[in-house]
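Fold and contact review
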Protein chains: 2
Amino acid sequence: MSNHSQRYLREVPALDDVLASHELIKPYIHRTPVLSSRLINEAAGANVYFKCENFQKIGAFKMRGAMNTALRLTPEEIRQGLATHSSGNHAQAVARTAQLLGTKSYIVMPDTSPKSKVAATKGYGANVFFCENTLAAREAKLREVIEQTQATFIHPYDNYNVIAGQATAAKELHEDIPDLDVIIAPIGGGGLMSGTALITRYLRSEASVYGAEPELVDDAYRSFKTGALQRNNRIDTIADGLRTNLSDKTFNIIRHYLDDIFTVSESEIIAAVRLINERMKIIIEPSSAVPLAAILKNKPIFNGKAVGVILSGGNVDL
Amino acid sequence: MSNHSQRYLREVPALDDVLASHELIKPYIHRTPVLSSRLINEAAGANVYFKCENFQKIGAFKMRGAMNTALRLTPEEIRQGLATHSSGNHAQAVARTAQLLGTKSYIVMPDTSPKSKVAATKGYGANVFFCENTLAAREAKLREVIEQTQATFIHPYDNYNVIAGQATAAKELHEDIPDLDVIIAPIGGGGLMSGTALITRYLRSEASVYGAEPELVDDAYRSFKTGALQRNNRIDTIADGLRTNLSDKTFNIIRHYLDDIFTVSESEIIAAVRLINERMKIIIEPSSAVPLAAILKNKPIFNGKAVGVILSGGNVDL
């Protein structure tokens, strides 16, 4: 690994950056399987290939971006530890990354976080700090923790190293299924979507790139259609991984590289979760089902095509 | 494929019979993945390799035995169709086998069968006949249907072709993980267990072969310990795939080739289901969790070993 390929990324990742990211993180992540289901293909009228990031370490793709960021820090920065604020998969990803690299993690979580998420994060060795459940309180607490510890903040998506890491999931999918006509991913903060779009443009420019989003948190849809960054007015979707807003970095990539964004209702998300549970025998979080819901809602667009879907994660309270 | 390797098996399958069975059914079954989980390994104190037959066609290993039996029938027999009585996975396996071979299936189901099971069986093109939920009523109805249709009855386990077919799951597991110290499977009627035991003795004689059974339906445990075929007195275990009794053919293999049988409580089964759901993100039926429950209950026996587990299926009402 050359120094160049390990440098901290400060601009939109190029093809070489994603390739180097993949080599960098490979020893620390699972190459997740690609599954398909005859009955889902019949229901969709398309050949759908599911990239199963629910089987990734910590149960979600977030492991890729967190690890890719951490491995690009200096040894001294790594020694001082990693920090973030999150109540979800990114918290576990940062904690597990730090644990694998033999350093400390400091995670700020809202005091309303489910006990199971707190326990999982602590289970990866994290030092957990609680705060009120507002963005301001989370950011204030994180600043305080970082001042005390000198740990490095890893943002969940507004970070090109994170985006390049998340791109490696779609890279593996293109390697396994080289003739995709379409690729589609869910959009929350846009890190997974940005990475998916970039690597698809680099490796398979003829494929269409779509995003899928719950109607209730359609900031990306409205941003894409209006050309100006919008924010969510509510966060009450069942797809809890998609409640966040796009950032400048992710919106900039999404506006340039996506073909379209589809929105789906809560009941369409639930139906897609059930279909994947029953037909594929795998556990996914609701966010993961949003792309299949979009496919089933827009069948003529996908008819007869080879469609890649990123199943983002499987962390759900059973 | 020689005629010899396709002959209908009328005695305990030899190694060559299992090898030929695998070649015969390969075009019609999935080669299912072998998964493992760091956290389950830590909990068990062993390296546990799960053979995921929940991802098999129709969601269970039963597809292997049904297909292996059907493919050994004469063309005229296949033309006249396949028949069985079952309210569970074997019904779906026989129906799907007939559908794939372009012939008819006749399935006798108790009128108390869950609608979802009936719908799934009909979804594979079966002609479904209902009867009272007693073994006598089921057998009487099946005789009547076979008299009318001349279809061939495929018994769910008291059939060496079925046993040789079920053995191919463990064969694949030994191929993928060649250094297993132990293999363990759940015991219902004993078809999967018999096949698993036979192929393990043939391919890896140094490995221990264990069975796992719910305490509430411990006919195999009592048969194994007493040396005489016993029957279940109750059938109210959550592991609905394991409520059946051993047959002469399966008991004969099990008594000779198993090292031991472990029983587990209902709460131990439920805890093992949850562990697999949460840590592996896969859906299994309770029967599939019985071997892991036995491992966790008997840790000293499995400590530090490479343990193969057959996850039998994933058909569960969610």
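Since this is a predicted model, take the numbers as computed values, not measurements. (Residues numbered from 1 in each chain as written. Chains lettered and ligands numbered in written order. Predicted model: local features only at pLDDT ≥ 70, side-chain atom pairs only at ≥ 80, totals over all residues. Heavy atoms only, no water.)

Right, let's talk about the overall build of chain A for a bit. Each helix and strand counted, chain A has 14 helices and 10 strands in total. Radius of gyration (C-alpha) of chain A: 18 Å, near the 20 Å computed for a compact globule of 318 residues. Taking all 318 residues of chain A together, 58% fall into the buried category. Long-range pairs, those at least 24 residues apart, make up 71% of the contacts in chain A with a sequence separation of at least 6. Put simply, chain A shows about 12200 Å² of open surface, and 47% of that area lies on carbon and sulfur atoms. Treating the 35 positive side-chain charges of chain A as one cloud and the 34 negative ones as another, the clouds have centres 3 Å apart. (Helix = DSSP H or I, 4+ residues; strand = E, 2+ residues; numbered from the N terminus. Rg over C-alpha atoms; globule rule 2.2 N^0.38 Å. Buried < 20%, exposed > 50% of the residue type's maximum accessible area, 1.4 Å probe, protein only. Contact = heavy atoms within 4.5 Å. Areas by Shrake-Rupley, 256 points an atom, 1.4 Å probe, with all protein chains shown as cover. Lys, Arg positive; Asp, Glu negative; His and termini not counted. Charge placed at Lys NZ, Arg CZ, Asp CG, Glu CD.)

Opposite the 16 residues of chain B that make contact, chain A presents 16 residues. On inspection of chain B and its partner chain A, the count reaches 0 salt bridges. Those elements that place two or more of their residues in the side of chain B that touches chain A are helix H2 (38-44) and helix H12 (266-280) of chain B. Broken down by class, the residue content of the side of chain B that touches chain A amounts to 7 nonpolar, 5 polar and 4 charged. (Salt bridge = Lys/Arg side-chain N within 4 Å of Asp/Glu carboxyl O. Nonpolar A, V, L, I, M, F, W, Y, C, P; charged D, E, K, R; others polar.)

Let us now look at the relation of the copies chain B and chain A. For the pair of chain copies, the relating transformation is a rotation about an axis with a translation along it. Each copy superposes on the other: chain B lies on chain A with an RMSD of 0.0 Å after a rotation of 180 degrees and an axial shift of 0.0 Å. The symmetry that links the two subunits is that of a two-fold axis. Distance from the rotation axis, computed per C-alpha, reaches its smallest value in chain B at Ile282(B): 2.1 Å. Interface overlap between copies: 100% of the residues of chain B at the interface are likewise at the interface in chain A, consistent with a symmetric, same-surface contact. (Least-squares fit on C-alpha atoms with pLDDT ≥ 70 in both.)

Residues and elements named next belong to chain B. Read from one edge to the other, the open sheet built from 4 strands follows the order S5-S4-S3-S6, with strand pairing classed as parallel. The outermost strands of the open sheet, each flanked by one partner alone, are strand S5 (127-131) and strand S6 (152-153). By the bridge criterion, 2 bridges tie strand S3 (residues 82-85) to S6 in an arrangement that is parallel. The residue bridging Leu-82 from the neighbouring strand is Thr-152, located in S6. The sheet contacts of helix H6 (residues 115-123) involve strand S4 (105-110) and S5, and relative to S4 the element is tilted by about 175 degrees. (Pairing = 2+ DSSP bridges. Axes fitted to C-alpha atoms, helices over the stretch in contact; angles between N-to-C directions.)

What follows is about the sheet that holds strand S2 (residues 47-52) of chain A. For sheets, the rule is that strands pair by backbone hydrogen bonds, running either parallel or antiparallel. Residues and elements named next belong to chain A. Here we have 6 strands laid out as an open sheet, ordered S1-S2-S10-S7-S8-S9, and mixed in their pairing. On the outer flanks of this sheet lie strand S1 (34-35) and strand S9 (260-264), each paired with one strand and no other. Here 2 bridges tie S1 to S2, and the two strands are oriented antiparallel to one another. Bridge pairing in S2 links Leu-35 to Phe-50.

Moving on to the pattern of salt bridges. Per the counting criterion, the structure on display carries 38 salt bridges over all chains. Between Glu23(A) and Lys26(A) there is a salt bridge, with the nearest N and O atoms lying 3.1 Å from each other. Looking at Glu23(A), the relative accessible area reads 43%, which means it is partly exposed. The class of Lys26(A) is partly exposed, set by a relative accessible area of 38%. Between Asp259(B) and Arg201(B) there is a salt bridge, with its nearest N and O atoms 2.9 Å apart. Taken together, the residues Asp259(B) in the loop between helix H11 (248-257) and strand S9 (260-264) and Arg201(B) in helix H9 (residues 191-203) connect sequence positions 58 residues apart. Connected via shared salt-bridge partners are Arg31(A), Lys171(A), Glu175(A) and Asp176(A).

Residues and elements named next belong to chain B. Note on placement: Ser-86 falls in the loop between S3 and helix H5 (89-100). Side-chain polar atoms of Ser-86 contact the backbone nitrogen of Ala-91, separated by 3.2 Å. For Ser-86, the residues in contact, after removing those within four places along its chain, are Ala-91, Ile-107, Val-108, Met-109, Pro-110 and Arg-138. (Polar contact = N/O pair within 3.5 Å; in protein donor to acceptor, adjacent residues only side chain to side chain.)

Keep in mind these numbers describe shape, not what the thing actually does.
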